[in-house]
Amino acid sequence: MARVLRMPSTTELPPRHPRREFVEELFSYYRDAGRPTLRNIAEEIADSSEFDAFTASRETIRKTLRGETVPLTFDVVNAVMTVLCKRAGIDPDTERWTGGFGDDSTTHRQNLRNLWNNALDTPLPPPASTGGWWGSGGYSDEPPF
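Worth saying up front: this structure is predicted, and the values here are computed from it rather than measured.

A. Structural context of the nonpolar core. The biggest cluster of nonpolar side chains holds 32 residues, and the ones touching the most others in it are Phe22, Leu26, Ile45, Ile61, Leu65 and Leu84. Looking at this core, the elements with two or more residues in it are α1 (18-32), α2 (38-47), α3 (58-65), α4 (74-88) and α5 (108-121). Per-element tally for this core: the top contributor is α4, with 9 residues. Other than its neighbours up to four places away in sequence, Leu65 contacts Leu5, Pro8, Val23, Leu26, Phe27, Tyr30 and Leu38.

Structural data, given as structure tokens:
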């Protein structure tokens, strides 16, 4: 039985960080698609005539949805998004914002591409320290004993 894939916590991916924003967007398509298994997503990508059969492995898809990695090529992101959108009944080339948000005509695909670029351009901060000489992120004069 497949495990439930969950959105990373704010401890795993900091709030308002570009990588989190990218993952939140992609994960929203995953939810809308009914949370298909990683195997199903990878098989649909491999079976599609749109993509190279080796575009995205289950592990790459998992690491991307968990925010553990940001694919270096948009082809991987695009393939995952396309499969998820197809399952969710969303046309990725329609305007993302509806309901009078001005004249922004960014499509779902272009929005995700922008978030992907931002995620690639911004490194994650180092993990918070759990104690010792450095305490909770800063230097401490107190030794760890």
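There is more to say, and it comes next.
B. Focus on the side chain of Thr64. Along the polypeptide, Thr64 turns up in helix α3. Look at Thr64 and you get buried, because its relative accessible area is 4%. If we skip the residues at most four places from it in the chain, Thr64 touches Phe22, Val23, Leu26, Thr69 and Pro71.

What counts, and at which threshold
- Residues numbered from 1 in each chain as written.
- Predicted model: local features only at pLDDT ≥ 70, side-chain atom pairs only at ≥ 80, totals over all residues.
- Heavy atoms only, no water.
- Core = buried A, V, L, I, M, F, W, Y, C linked by side-chain atoms within 4.5 Å.
- Buried < 20%, exposed > 50% of the residue type's maximum accessible area, 1.4 Å probe, protein only.
- Helix = DSSP H or I, 4+ residues; strand = E, 2+ residues; numbered from the N terminus.
- Contact = heavy atoms within 4.5 Å.

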